[in-house]
Every structure is written in C-alpha cells, then in structure tokens.
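# Report on the structure
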Amino acid sequence: MARPEATMDKIVSLCKRRGFVFPSSEIYGGFSSTWDYGPLGSLLKNNVKNAWIRSVVQERDDMVLLDAAILMHPQVWQASGHLDNFTDPLVDCKSCKQRFRADQVEGDRCSACGGELTEARQFNMMFKTFVGPVEEDADVAYLRPETAQGIFANFKNVATATRRKLPFGIAQVGKAFRNEITPGNFTFRTREFEQMEIEYFVAPGTDDEWHKHWVDARLDWYRRLGMNMENLKLREHERSELAHYAKATVDIEYLFPFGWSELEGIANRTDFDLRQHQEHSGEDLTYFDDQNNNRFLPYVIEPSAGADRSTLAFLVDAYVEEPDKDETRVVLKLHRELAPIKVAFLPLSKKPVLAELTRKAQKLVSPLLMTQYDDTQSIGRRYRRQDEIGTPYCITVDFQSLEDDAATIRERDSMGQVRVPIAELPQWFAQAFSRG
Ligand code: ATP
C-alpha cells in the first residue's frame, strides 16, 4: 500500500480543498463521475503529460508527436473492431433498476437490493453523436474511445512526411471517451479521460524484443518521477484475457488505496490495426524496407497510459503525514518536475518594503518556473500550506534581506534552509531543477 495514511477520503478532500480536482458541475449537484481539474490539478496533470512527452519524444530520436481529431470517419471504428467488439456485458436489476457490469456481479442477484437480474446484454461503450444539424443514421459519428486509431489512420502521412525508417513510433496525448457502466474511484475510472499513447512500428520478428524494451522504458519513467517501486508491479495478461488484436499484453499496476489496479497497458498489437485499415480504406499501408528489398505491414507495440490515472497515482504515492511537534505535517512529496508550484515567495510580513523586495525576487524566477506569492497568516502556516500542495521550495524575504539583498530558501522534504543572494536566485534554481 502507498502509505496507510493515504486514504482515498483524504486525497479527495485535499484535492477539493486545495484546488486540485473539483466535482464537475458541482453547483448543479455534480454530474455522474465527472471531475474538473482546478488551478493546481491542471498544472499537475500538465506536468505529468509534459514529463511523458519529454521522455518518449524529446529524449529519443525514434519518436514523433501527433495531435489527431477526436471525431473520425465512422469507418475507422468498423475497421478497428470497436463497433462490433467494444462492449461490456450489462445486467439490470428488475426491482431497483440499478445497472451492473455482468462480469463484476457476484452470484445471480442484485448486490444492492437482492432483486432478480435481467439476462446480460452487450452494451457498446462508444459515445454516439451526430455531425450536422439533422440526427440521421447517415450522420452518426463517435467520440473516440482511444487515441490509438488516430495514429494508425495517420501512419502513412507521418511516415511520408518525416521520412522515417523502422523502427519508429508516434506518440499522442488526448481525450478519449467511454460510456463506462461503472465509473468510480474518483478520477481512476471516468467516462471522459485523457490517454498518453504510443504506437511503435517495428519489423515483424523484432516485436517481442521491442515489447520488452517498452515495458522496461515505461516502468523506468514512473521510477524516475519518484514513484515507490514497491507500489508498482507488472502483470502479464493470461491468454484468455488478451484483447482480440493482441499477441501479448503486460500491464503496469499501482497499489492504490482500493487495491492493485492498471495504470498502463503495453500491448503487442501485431499488424492487426494496419491490416484492418488497409482492407477497409483500400490504401496501401505497407512499408518498404529498402535494405532488404521487401514490403510488409509493420508490427506495433502500444504502451497506452492514462494521464488521469497516473496523476492520481502520483498524488497518492506522494501523500505523507509526518509528526511535527504537537501537530501533523501533511506533505505531498511530489517529484520537483511534477510539483504544480515550484517556488513560493513569502515575505516575512506584509510591510510594503518587504512586499516590494519579495515581488522583485519573484519576478526574477517566474519566467523560469511556476511561482506563487503568499503573504497571509504566519510564516509557519504558509510553509505548511505549501508542503500540502507539494511546493519544493519556499523563499522567505525578511528584514535582514533589506540589508544584505539575500533571502532564505527552505526545502520541502528536509526543511533545511540556506541563505542565497536574491540576484543569484535564477542560477540557483536553474541548478536545482536541472535534470542531471
Ligand atoms: P480497464 O481494464 O481499467 O477498463 P482497459 O484495459 O480497458 O482499462 P485500455 O483500453 O488498455 O484500458 O486503456 C489504456 C489506458 O487508458 C488504461 O491503462 C488507463 O490508464 C486509461 N483508461 C482506460 N479507461 C479509462 C477510464 N474509463 N478512465 C480513466 N482512464 C482510463
């Protein structure tokens, strides 16, 4: 377990109180398991997505980025198998009318009221909409249930435009929508969520090796961002649970307060998708290998992660309660790359001379890093408030600063303090945040 004190109740309450995550449409009583990221949550989630892009695109020379549309030609979903296969078995209670996923029901009675359940029927999880002003079948479109298909449909465009040779991959971050029967566990399972997906195209025969490479690379990403490795594990899918397109799948699971659950799946999708799109579109999607003079459909390794799920896991993993004198210090020990606010500027008092110098110091740092200014309540309270949102550094400007033009930097985890000349703050932080 993350830490026993990191219960979902505490995480949800901290998220609401401090502006990480709010229930959507709360003034109307909320809306079925949808959530809004507040000022701190949106910074945190952006940092997670940017850390992912940096790792899988910027730090590699075999990857490119894509941002495809959410609405796609409906034939895409025929070709991908989603229209026929993207279903969950649904049962209704005949008495209380509650709905359940048949594979999550124990026994044959309703878990809420003990009533009789209907026969299971297949329920397609894609959200349907209509393009244009008339609601006709001819104008049906779907909100994408995964970002992956936007990548497959652009395989040829990207390969041609970038003149890439195999192996190479395409990464994409974006919204996906699934009409989940049982959303829940806060942002873990929602109907609207964000994915961070890679399709990595390789020559058949090299796919097993590349699958292993990506499992290792992705696990390492969580480790480098400070996640406790004892809270992560790999789980290989049994033959019987493999998706219709997959040759092998390894999940990365995290030990949430509600148990081990999937953060990311890394699948070997073979040439299934490109073959399907080639057949349905009539476009030649083969790759010509000029070294061996042959033409083939590449195999695909797909590391598919959830931005919301990993953001939640980073939050849970970072939550610590430490005894502190008579009180408890709540600290989010977020990796500094993920922390929403990097440096807080705290004048010792509200006196205008101190405020002015503190603002001057902040102006030196704010072009480089996300900062916050706070002059309310005691300095101890302000430190605690920053600890609770994971701010790695606080800077205090005091009366001594008016004489020596220096300020005190206080570090979140050790609570150690150093005195640094204000003019040197930009270099000091450039060093502190360099990723050596
Ligand atoms: P699950 O078994 O939890 O429903 P899945 O195996 O259907 O997930 P994939 O289709 O492999 O999920 O999607 C890849 C990733 O997208 C998941 O690992 C998860 O991080 C994220 N994801 C999928 N569905 C949701 C959802 N409803 N809410 C939030 N994130 C999701």
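Every chain's residues receive numbers from 1 upward, in the order its sequence appears when written. Local features in this predicted model are restricted to residues whose pLDDT is 70 or higher, and side-chain atom pairs enter the listing and the counts only when it is 80 or higher, whereas totals over whole chains, interfaces and linings include all residues.

## A short note on the overall build of the protein
In plain terms, the rule: The helix count covers DSSP runs of H or I at least four residues long, the strand count covers runs of E at least two residues long, and both are numbered beginning at the N terminus. Any residue surrounded by 20 or more other C-beta atoms within 10 Å of its C-beta is treated as buried, while 12 or fewer makes it exposed and the intermediate range makes it partly exposed; C-beta atoms here are placed from the backbone.
For the protein, the count of helices and strands is 13 helices and 23 strands. Taking all 436 residues of the protein together, 33% fall into the buried category.

## Quick look at the sheet that holds strand β21 (residues 393-397)
Operational definition: Two strands pair if DSSP finds at least two bridges between them. Simply put, an axis is a line fit to the C-alpha atoms, just over the touching stretch for a helix, and the angle between two N-to-C directions goes from 0 to 180 degrees.
Read across the open sheet, the five strands follow the order β20-β19-β21-β22-β23; overall the sheet is mixed. Two strands lie at the open edges of the sheet, namely β20 (371-373) and β23 (417-421), each paired on one side alone. The sheet shows a mean angle of 25° between the axes of neighbouring strands, direction not considered. Bridging between strand β19 (residues 343-347) and β21 involves five bridges; their strand directions are parallel. Looking across to β21, one finds that Val343 is bridged to Tyr393.

## Describing the site of the ligand
To be explicit about the condition: Only the C-beta atom, placed from the backbone, is used; a residue is near a molecule or strand if that atom lies within 6 Å of it. Each residue gets one of three labels, nonpolar for Ala, Val, Leu, Ile, Met, Phe, Trp, Tyr, Cys and Pro, charged for Asp, Glu, Lys and Arg, and polar for the others, Gly among them.
For the ligand, the set of nearby residues contains 16 residues, the closest of which are Phe193, Gly265, Ser304, Gly306 and Arg309. Tallying contributions element by element places strand β13 (residues 259-270) first for the shell around the ligand, with four residues. Looking at the shell around the ligand, its residues break down into three nonpolar, five polar and eight charged.

## Description of the domain arrangement of the protein
Note the threshold: What marks off one domain from the next here is an automatic or database domain assignment.
In terms of domain boundaries, the protein breaks down into domain 1 (8-74 + 145-315) and domain 2 (341-432). Measuring from the centre of the C-alpha atoms in domain 1 to the corresponding centre in domain 2 gives 37 Å.

## So, the sheet that holds strand β4 (residues 87-92)
What the three strands build is an open sheet, ordered β5-β4-β6; its pairing is antiparallel. Because the sheet does not close on itself, it has two edges, and the strands there are β5 (99-101) and β6 (121-124). On average, each strand axis in the sheet is inclined to that of its neighbour by 45°, with strand direction left out of account. As paired strands, β4 and β5 are joined by three bridges and run antiparallel to one another. Across the sheet, Leu90 pairs through a bridge with Arg101, a residue of β5.

## Notes on helix α8 (residues 272-281)
Quick reminder of the rule: Contact criterion: two residues are in contact if their C-beta atoms, reconstructed from the backbone, are within 7 Å.
Within the sequence span of α8, burial applies to Phe272, Asp273, Leu274 and His277. Against the buried residues of α8 lie α3 (75-80), α5 (148-153), α6 (155-162), β13 and β16 (299-306). Looking at the residues trailing α8, positive phi occurs at Gly282, about 80°.

## Structural notes on the packing of helix α10 (residues 352-365) against helix α13 (residues 425-432)
Spelled out, the test is: For classification purposes, an angle smaller than 35 degrees is called roughly parallel, one larger than 145 roughly antiparallel, one from 65 to 115 roughly perpendicular, and anything else oblique. What makes a crossing left-handed is the near helix being turned counterclockwise from the far one by less than a right angle; a clockwise turn instead makes it right-handed.
Direction vectors running N to C along α10 and α13 enclose 45°, while the axes themselves pass 8 Å from each other. In terms of orientation, α10 and α13 fall into the oblique class. Of the two possible hands of crossing, α10 and α13 adopt the one that is right-handed. From α10, Ala361, Leu364 and Val365 reach across to α13, where they touch Leu425, Pro426 and Phe429. Along the lines of polarity and charge, the residues of the contact of α10 with α13 split into six nonpolar, no polar and no charged.

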